[in-house]
Amino acid sequence: MKLAAIETRIVEMPLVTPFRTSFGTETMRQVLVVRAETDEAEGWGECGASEAPLYSSEYTEGAAAVIREFFVPALRDAQRDLGDDFDAHRVAPALAAFKEHRLAKSAIETAILDAQLRAQGISFASALGAVRESVPCGVSLGITDTIDQLLDTVAASLDAGYVRIKLKIEPGWDLDPVRAVRERFGDIDLQVDANAAYRRSDARLLAKLDAFDLTLLEQPLPADDLLGHAALAREITTPICLDESITSARAAATAIELGAVHIVNIKPGRVGGYLEARRIHDLCAAHDVPVWCGGMLETGIGRAANVALAALPGFLLPGDTSASERYFATDLTEPFRLEEGRIAVPTGPGLGVTPIPEVLDRFTVRQDRLPC
Ligand SMILES: CC(=O)N[C@@H](Cc1ccc2ccccc2c1)C(=O)O
Ligand SMILES: [Mg+2]
């Protein structure tokens, strides 16, 4: 393939409701959208970073800068050296010298992979090894001002058909909301996500969650505290799921070997792309570790790729691949809809969806075209 240019757009889309987690509240999603222009097709990718480096160290403007200053020149060099052999599988090696910036790397790799697959007429799902035509969907519910507000959002989510409820928790908002949801809704599939808000000294408090028979407790401790998660796993019965800690297949292998994780939340952006996400899926399957597909409040671009990934064999638990309307009144692509608790896997070439030009233009606040 011949990569002619990478175009980056900073897009700002209002969220239908504020999304509050232990690390902050989002009311607008600022997303970096990447378009890869090749001689045969164009491809799309999305960077999961947000305006501020609160989930991880990456943030939207920083991702745009690292792509402009370092990644595009490196892709130019890779094309020069590889000629026609350049393709999406050469992107990660071409960018490997640059440390971290995985969300930005993922957006570039996805856009180039999408262009390649569209040119070949192959869907993302078949390229990744999907085995299902639709995937069961869970929903992630933010921290609310009152328990009653939370119970209303849980009721609305169950009415909408979501098959699993995930509650954000933080110190001071944990046992009470979980108990209230259990008392009101019985034995629904329920899990919690702390986004690293607790410490090892909170083990006795976290052990009290065992009474509520949760499917999992996601990332209770800091991303780099694998030994803490391993110790916690010996003190509580709720299965430990890791998100922020799992930055690569090697990190997943380490966490599994240390006994720090029972279930893995796979987020392609967090691990540098869909190809590494597939490797983590394969590694976890070899260790009988269930995985599910996490979410970063993606637009339809990232959502399409995530739904395809979630259709792989080892994705045994419902993910955070919620419908577009969970986050956006108007999505960049045709909206993803929940049907009987499931979302259909796109079947068209590449991602199978494309941004709607006038919507993309309406939400674009900045655009750069970087020749390769
Ligand atoms: C659906 C869900 O809970 N996602 C993340 C947290 C999260 C929440 C909000 C975000 C806003 C902008 C960018 C990334 C974000 C990630 C998680 O599983 O931990
Ligand atoms: Mg999480």
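In what follows, the accompanying structure is described. All values reported here derive from a predicted model rather than from experimental measurement.

Some remarks on the site of ligand 1
By nearness alone, 21 residues border ligand 1, and Ser140, Lys166, Lys168, Asn195 and Gly295 come closest of all. The separation between an oxygen atom of ligand 1 and a polar side-chain atom of aspartate 193 is 2.9 Å. A distance of 2.8 Å separates a nitrogen atom of ligand 1 from a polar backbone atom of glycine 295. In isolation ligand 1 exposes 440 Å². Once the protein is present, 99% of that is buried. Of all the secondary structure elements, the ones that give two or more residues to the shell around ligand 1 are strand 1 (3-21), strand 2 (24-38) and strand 6 (164-168). A per-class count over the shell around ligand 1 returns five nonpolar, seven polar and nine charged.

Things to note about the pairing of strand 3 (residues 42-47)
Of all six residues making up strand 3, five are buried, and the element is well covered by its neighbours. Across six bridges, the pairing between strand 2 and strand 3 is antiparallel. Bridge assignment links glutamate 37 to a residue of strand 3, and that residue is glutamate 42. Linking strand 2 back to strand 3 in an antiparallel pair, the connection comprises three residues.

Here's the deal with the sheet that holds strand 2
Judged by pairing direction, the sheet is antiparallel, and its four strands sit side by side in the order 3-2-1-13 without closing on themselves. Looking at strand neighbours, the two that pair on one side only are strand 3 and strand 13 (364-371), the edges of this open sheet. Neighbour-to-neighbour, the strand axes of the sheet open up by a mean angle of 20 degrees, direction not taken into account. Pairing between strand 1 and strand 13: seven bridges, direction antiparallel. Across the sheet, the residue bridging to isoleucine 6 is leucine 370, located in strand 13.

Quick look at the coordination of the magnesium ion (ligand 2)
Perfect tetrahedral coordination of a metal by four donors corresponds to 109.5 degrees between them, and perfect octahedral coordination by six donors corresponds to 90 or 180 degrees. At this site the magnesium ion (ligand 2) is bound by Asp193 (OD), Glu218 (OE) and Asp243 (OD), with donor distances of 2.1 to 2.2 Å. Counting gaps between the donor residues of the magnesium ion (ligand 2) yields the pattern D-x24-E-x24-D. Of the two residues, aspartate 193 is situated in strand 7 (residues 190-193) and aspartate 243 in the loop between strand 9 (240-242) and helix 9 (249-258); the sequence distance between them amounts to 50 residues. Since its relative accessible area comes to 0%, aspartate 193 is described here as buried. Judged by relative accessible area, which is 0%, aspartate 243 ranks as buried.

Quick look at a negative patch on the surface
Side chains of Asp39, Glu40, Asp84 and Asp85 sit close together on the surface and give a patch of like negative charge. Mapped onto the secondary structure, glutamate 40 falls in the loop between strand 2 and strand 3.

A few points about the environment of leucine 15
Secondary-structure assignment places leucine 15 in strand 1. Residues leucine 15 and serine 56, spaced 41 residues apart in sequence, show a C-alpha to C-alpha distance of 20 Å. Setting aside anything within four residues of it in sequence, one finds leucine 15 in contact with Glu26, Thr27, Met28, Arg29, Leu297, Tyr327 and Phe328.

Remarks on the nonpolar core
In terms of nonpolar packing, the biggest core is built from 123 residues, with Ile6, Ile67, Ile108, Ile112, Leu167 and Leu209 touching the most fellow members. When residues in this core are grouped by element, the largest group, nine residues, is from helix 1 (residues 60-82). Apart from the residues within four sequence positions on either side, leucine 209 is in contact with Ile169, Leu175, Val178, Val192, Leu214, Leu217 and Thr238.

Quick notes on the sheet that holds strand 9
On the basis of which strands lie adjacent, the open sheet formed by seven strands has the order 5-6-7-8-9-10-11 and parallel pairing. The open sheet has two edge strands, strand 5 (138-141) and strand 11 (291-293), and neither has a second partner. Note: strand 9 against strand 10 (residues 263-266), two bridges, orientation parallel. Directly across from leucine 242, in strand 10, lies its bridge partner valine 264. Where helix 5 (residues 147-160) meets the sheet, its contacts fall on strand 5 and strand 6, and the angle it forms with strand 6 comes to roughly 155 degrees. Lying on the sheet, helix 6 (residues 175-185) is in contact with strand 6 and strand 7; it crosses strand 7 at an angle near 165 degrees.

As for the environment of leucine 217
For leucine 217, the position within the fold is in strand 8 (residues 217-218). Between the C-alpha atoms of leucine 217 and histidine 229, which are 12 residues apart in sequence, the distance is 11 Å.

Thresholds, definitions, all that
- Residues numbered from 1 in each chain as written.
- Chains lettered and ligands numbered in written order.
- Predicted model: local features only at pLDDT ≥ 70, side-chain atom pairs only at ≥ 80, totals over all residues.
- Heavy atoms only, no water.
- Near = heavy atom within 4 Å.
- Polar contact = N/O pair within 3.5 Å; in protein donor to acceptor, adjacent residues only side chain to side chain.
- Areas by Shrake-Rupley, 256 points an atom, 1.4 Å probe, with all protein chains shown as cover.
- Helix = DSSP H or I, 4+ residues; strand = E, 2+ residues; numbered from the N terminus.
- Nonpolar A, V, L, I, M, F, W, Y, C, P; charged D, E, K, R; others polar.
- Buried < 20%, exposed > 50% of the residue type's maximum accessible area, 1.4 Å probe, protein only.
- Pairing = 2+ DSSP bridges.
- Axes fitted to C-alpha atoms, helices over the stretch in contact; angles between N-to-C directions.
- Donors = N, O, S within 2.8 Å, 3.2 Å for Na, K, Ca; no water.
- Patch = residues over 30% accessible without salt bridge, like charges linked within 9 Å, V, L, I, M, F, W, Y side chains within 5 Å.
- Salt bridge = Lys/Arg side-chain N within 4 Å of Asp/Glu carboxyl O.
- Lys, Arg positive; Asp, Glu negative; His and termini not counted.
- Charge placed at Lys NZ, Arg CZ, Asp CG, Glu CD.
- Contact = heavy atoms within 4.5 Å.
- Core = buried A, V, L, I, M, F, W, Y, C linked by side-chain atoms within 4.5 Å.

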